[in-house]
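# Coordinate inspection notes
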Amino acid sequence: MRAPDINAIVGGLLRDLAYAQTTKPQMFGYKRAAAAILALETPLTELITADGALPKIAGIGPGSARVIQETLETGGSPTVERATEASGNRADVERRRALRANFLSRAEVVRVLRDCTLVGPTLADYAGDLQMHSEWSDGSPTVEDIAHACQARGYAYAAVTDHSHGLKIAGGMSMEEAADQRRAIDRLNAGTRSFRLLQGIEANIGTDGQLDLTPEEARVFDIVLAAPHSRLRRTEDQTERLITAVRNPVVRILAHPRGRITGSRAGIIADWHRVFVTAAGLSVAVEIDGDPARQDLDFELAASALATGCLFALDSDAHTTEQLAYAETAIAHARLAGIPADRIVNYWPLERLLDWLPS
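Residues numbered from 1 in each chain as written. Predicted model: local features only at pLDDT ≥ 70, side-chain atom pairs only at ≥ 80, totals over all residues. Heavy atoms only, no water.

### Let's talk about the overall build of the protein
Helix and strand counts for the protein come out as 15 helices and seven strands. Here the C-alpha radius of gyration of the protein, 21 Å, is about what a compact globule of 359 residues would show, namely 21 Å. Judged by the C-alpha coordinates and their principal axes, the protein covers about 60 × 45 × 40 Å. A buried classification covers 53% of the 359 residues belonging to the protein. Taking as baseline every contact in the protein between residues at least 6 positions apart, the subset at least 24 positions apart corresponds to 75%. For the protein, the exposed area adds up to about 15400 Å²; of that, 54% sits on carbon and sulfur atoms. The protein carries 38 positive and 47 negative side-chain charges, and their two centres are separated by 4 Å. (Helix = DSSP H or I, 4+ residues; strand = E, 2+ residues; numbered from the N terminus. Rg over C-alpha atoms; globule rule 2.2 N^0.38 Å. Buried < 20%, exposed > 50% of the residue type's maximum accessible area, 1.4 Å probe, protein only. Contact = heavy atoms within 4.5 Å. Areas by Shrake-Rupley, 256 points an atom, 1.4 Å probe, with all protein chains shown as cover. Lys, Arg positive; Asp, Glu negative; His and termini not counted. Charge placed at Lys NZ, Arg CZ, Asp CG, Glu CD.)

Here's what the structure looks like:
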């Protein structure tokens, strides 16, 4: 049984305190404090000095330090509870608490990656990231920036998967822009032998499960991811929407399947067993998205997908080259779920990966 993720607990309590504030500056201050704790690579329990003092942590003021000390001593924070009660926002705070299940802090990710008692994929054998965004949609790096950063991380391949043209809010690429991007990627690949950059696309799943790409448009790309970006706060069952998308013959990866965001939305409600059975039968991989705010699928739902025979993709969903490190969060969830590396497409050699893609 895993020990409690103390940094995630403290980070969550600081977020609770943020939503109990009456002014935006105070709210943002506690949100920044929460982010600072969640980003630490060391558990707070290992940072406390022998005399019980907390070292100076950037972004942590006296109020946040009090919450940390209380939590380390008792497992909870009377300060947060009093502030929540006084704010009149308890219902909203409780709602947000329920949306933090199975999110890992950075310290827990590091611990899981180092835990040799866990089976499953390792960081060292990760061959390539299959979801990231460039300047061609809502990311910042060029394809050259991405290729250099991926090679520096030791990847054999990667896929740039900008948003498709139907998702205007995310700067979705037109097909004319996709042709220009293809030429840029081809030029890049012509200049390297030890690394291959694929041109992918993150297609949007409509409310009816159809993609915002025609079959002819989809064939332009090396790999097609399908992801939901709407109706992510609804309470009705959306199983058929996802199954329709998975059954589309152009789709290879069901990306961030729920569309959840920590403390904000639960994402899509579905009969996940049916979705996973359908994906497994069609050899469509389900994604573990490593963006710290998404972590979707999480290790618990990923274990359920594993039991149905699913393939997996572990991706960063990076929008900057620094965010490529988010893949490590996805790998940690896969290790906690006990997923064998052979069931994860990012661990396959390039030749096997290409054989799995539509011809």
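There is more to say after this.
### As for the packing of aromatic side chains
For the structure on display, the rule yields four aromatic pairs. Between Y126 and Y155, the aromatic rings sit 5.3 Å apart at their centres with planes inclined by 70°, giving edge-to-face as the arrangement. With Y126 in the loop between helix 7 (106-114) and strand 1 (128-129) and Y155 in the loop between helix 8 (143-152) and strand 2 (157-163), this pair connects stretches of sequence that are 29 residues apart. Of the residues examined, Y126 reaches a relative accessible area of 3% and is grouped as buried. (Phe/Tyr/Trp six-rings, centres within 6.5 Å; stacked < 30°, edge-to-face > 60°.)

### A short note on the pairing of strand 2
Extensive coverage of strand 2 is indicated by the burial of seven of its seven residues. As paired elements, strand 1 and strand 2 share two bridges and run parallel to each other. Residue pairing in the sheet places D129 in a bridge with A158 of strand 2. Assessed by its sense of winding, the connection that carries the chain from strand 1 through helix 8 to strand 2 is right-handed. Bridge analysis of strand 2 against strand 3 (residues 196-205) gives seven bridges, and the strand direction is parallel. Bridged to A158 within strand 3 is L197. Taking the sense of rotation as the criterion, the β-α-β connection linking strand 2, helix 9 (residues 175-190) and strand 3 turns out right-handed. (Pairing = 2+ DSSP bridges. Right-handed = clockwise from strand over helix to strand, strands pointing away.)

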